[in-house]
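This is what each chain is made of:
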Amino acid sequence: MTTGSSPLAEELARVASARAALENVVFPRPPRPLVAAVANQKGGVGKTTSVVNLSVALAQAGLSVIVIDSDPQGNASTALGIEHHQGTPSTYDVLSGSMSLEECLQPCGEAEKLLVCPATIDLSGAELELSSVTQREFVLRRAIKDYLAVHRDVDVILIDCPPSLGLLTLNSFVAADQVIVPIQTEYYALEGLSMLVGTVEKIRDYLNPDLRIGGILLTMFDRRTNLSAEVAEEIRHYFPGVVLETPIPRLVKISEAPSFGVSIFGHDPRGQGAVAYKAAAYELSLRWANLGVEDGGE
Ligand code: ADP
Ligand code: MG
């Protein structure tokens, strides 16, 4: 089938108008510091990519943002250009109680108001080491509380979780107000999701009554296929109102940015990927800004 204008021209026009619409928006600040764990026990769904690009988008929009890398792989640290060789003050030291969060934070070159607590390979031993600590699920929560007691100007803390529901992810869930779930818009997208939702409910019942699923972010969305649209529809059907409007497209530019140690905003600031992550970050900021209002009614 042929149409009057080419799909590429349409795509470019769509990106240009989305970029223009976002150019002058002001991101609201949440009424209090918001802690969000970015989690999905499936690997390769875009957790780390989303933490990296959402954090830069939020910080470049003027919010004060902290990323806590809680995946021993340290991919978020790499992508944000943060030193994380073995022995660097890191999330491992925070969880083992030997350092405060403040002592481990490093500034990120991409945005003035972005600080990163890196993950080193040491973190791979933390699950085992923590298992004998009393109140082991609360270590990160306490560390964040201590930090926020002194640094009241923080807006958002994003935690990059490993692809499991082990003690590292539990610590993040206990520390968090929200879980943000990236879902790859492909076959089997919903597989395993009930387990994640079940875990969040259990945490809410036993360890952190405030925990909510704050958003589902559709990742690796391919506008050209029916499959992506169908899967997106299905996820929206199961989680009405939870899925963010903006899907993140599958783009080579997004996947290659980490090899330059920068986010999509450093790698291709005017492209589709930057526009999508900025739009998703803006949506999240709007949801967070309204939290105070909604919480009052619950
Ligand atoms: P997770 O943290 O859930 O394991 P990652 O963020 O590391 O997932 O992403 C898995 C892989 O997919 C990485 O190679 C990443 O570069 C790639 N990727 C993530 N998001 C996109 C996207 N929107 N388009 C293309 N590739 C992507
Ligand atoms: Mg990851």
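Residues numbered from 1 in each chain as written. Chains lettered and ligands numbered in written order. Predicted model: local features only at pLDDT ≥ 70, side-chain atom pairs only at ≥ 80, totals over all residues. Heavy atoms only, no water.

Hey, could you go over the pairing of strand S2 (residues 65-69) for me, with residue numbers and the actual values?
For S2, the tally of buried residues reaches five of five residues, placing the bulk of the element in the interior. Burial along S2 is two-sided: Val65, Val67 and Asp69 facing one way and Ile66 and Ile68 facing the other are all buried. By the bridge criterion, four bridges tie S2 to strand S4 (residues 114-117) in an arrangement that is parallel. Across the sheet, residue Val65 finds its bridge partner in S4, namely Leu114. Bridge count for S2 against strand S5 (residues 156-160) is five bridges, and the pairing is parallel. (Buried < 20%, exposed > 50% of the residue type's maximum accessible area, 1.4 Å probe, protein only. Helix = DSSP H or I, 4+ residues; strand = E, 2+ residues; numbered from the N terminus. Pairing = 2+ DSSP bridges.)

Describe the site of ligand 1, and please don't skip the residues or the numbers.
Taken together, the neighbourhood of ligand 1 is formed by 14 residues, with Gly44, Thr48, Thr49, Pro249 and Leu251 sitting nearest. Here Thr48 contributes a backbone N or O atom positioned 2.9 Å from an oxygen atom of ligand 1. Secondary structure elements with two or more residues in the shell around ligand 1: helix H2 (47-60) and helix H11 (252-256). By residue number, the principal contributor to the shell around ligand 1 is H2, which donates three residues. Taken together, the residues of the shell around ligand 1 sort by class into six nonpolar, six polar and two charged. (Near = heavy atom within 4 Å. Polar contact = N/O pair within 3.5 Å; in protein donor to acceptor, adjacent residues only side chain to side chain. Nonpolar A, V, L, I, M, F, W, Y, C, P; charged D, E, K, R; others polar.)

Provide a residue-level description of the side chain of Asn171, including the pertinent values.
One can find Asn171 in helix H8 (residues 167-175). Residue Asn171 is classed as buried on the basis of its relative accessible area, which comes to 1%. Within the local environment of Asn171, its side chain forms a polar contact with the backbone oxygen of Arg136, the two atoms lying 2.8 Å apart.

Quick one: what's the story with the packing of H2 against helix H13 (residues 272-289), residue by residue and with numbers?
Between H2 and H13, the least distance of the axes is 9 Å, while the angle of their chain directions is 70°. The angle between H2 and H13 places the two elements in the roughly perpendicular class. Here H2 contributes Thr49, Ser50, Asn53, Leu54, Ala57 and Leu58 to the contact with H13, which in turn contributes Tyr277, Lys278, Ala280, Ala281, Leu284, Ser285 and Trp288. Its residues placed into classes, the contact of H2 with H13 shows eight nonpolar, four polar and one charged. (Axes fitted to C-alpha atoms, helices over the stretch in contact; angles between N-to-C directions. Parallel < 35°, antiparallel > 145°, perpendicular 65-115°, else oblique. Contact = heavy atoms within 4.5 Å.)

Residue-level account of the sheet that holds strand S7 (residues 212-219), with values.
On the basis of which strands lie adjacent, the open sheet formed by seven strands has the order S3-S4-S2-S5-S1-S6-S7 and mixed pairing. The open sheet has two edge strands with one neighbour each: strand S3 (106-107) and S7. In the sheet, strand S6 (residues 178-184) pairs with S7 via seven bridges, with the strands oriented parallel. Opposite Val179, over in S7, you have Ile213 as the bridge partner. Against the sheet, H2 engages strand S1 (34-38), S2, S4, S5, S6 and S7, with an angle of about 165° to S5.

Before we move on, could you go through the packing of helix H1 (residues 7-23) against H13 and cite the residues and values that matter?
Contact pair H1 / H13: the axes reach a minimum separation of 10 Å and the direction vectors enclose 40°. Considering the angle they form, H1 stands oblique to H13. In this structure, H1 meets H13 at a crossing whose hand is left-handed. Every residue of H13 that contacts H1 at Glu11, Arg14, Val15, Ala18, Arg19, Leu22 and Glu23 is listed here: Gln272, Val275, Lys278, Ala279 and Tyr282. Per-class residue counts for the contact of H1 with H13 are six nonpolar, one polar and five charged. (Left-handed = near helix turned anticlockwise from the far one by under 90°.)

Quick rundown of the layout of surface pockets? Include the residues and the values.
Volume-wise, the largest pocket comes out at about 530 Å³. In this structure, the largest pocket is lined by 21 residues; those nearest its centre are Glu11, Arg14, Arg223, Arg224 and Gln272. Looking at the lining of the largest pocket, the elements with two or more residues in it are H1 and H13. The greatest single-element share of the lining of the largest pocket, amounting to eight residues, is contributed by H1. (1 Å grid on protein atoms, 1.4 Å probe; cavity = no way out; pocket = protein on both sides within 12 Å on 5 of 7 lines; lining within 4 Å. Points joined across faces, edges and corners; volume = space filled by probe spheres on them.)

Go over the packing of aromatic side chains with me, naming the residues and quoting the values.
Scanning all chains against the criterion turns up two aromatic pairs. Judged by centre distance (5.2 Å) and plane angle (50°), the ring pair of Phe27 and Tyr282 falls under tilted. Highlighted residues: Phe27 in the loop between H1 and S1 and Tyr282 in helix H13, separated in sequence by 255 residues. Ring centres 6.3 Å apart and planes at 50° place the aromatic pair Tyr187 and Tyr188 in the tilted group. (Phe/Tyr/Trp six-rings, centres within 6.5 Å; stacked < 30°, edge-to-face > 60°.)

Please provide a residue-by-residue account of the nonpolar core, values included.
Nonpolar side chains in soluble globular proteins generally cluster together in the buried interior. Core analysis: the largest hydrophobic core is formed by 53 residues, its most contacted members being Ile68, Ile144, Ile157, Phe173, Ile216 and Ile235. Those residues in contact with Ile144, other than ones at most four positions away along the chain, are Val35, Ile68, Leu101, Ile157, Ile159 and Ala175. Ranked by size, the runner-up nonpolar core spans 39 residues in total, among them Leu54, Ala76, Ile180 and Ala281. (Core = buried A, V, L, I, M, F, W, Y, C linked by side-chain atoms within 4.5 Å.)

Please provide a residue-by-residue account of the state of the cysteines, values included.
Here the structure, examined in full by the defined rule, presents zero disulfides. Looking at Cys161, it has no disulfide partner, and the nearest cysteine sulfur is the one in Cys117, 13 Å off. (Disulfide = S-S within 2.5 Å.)

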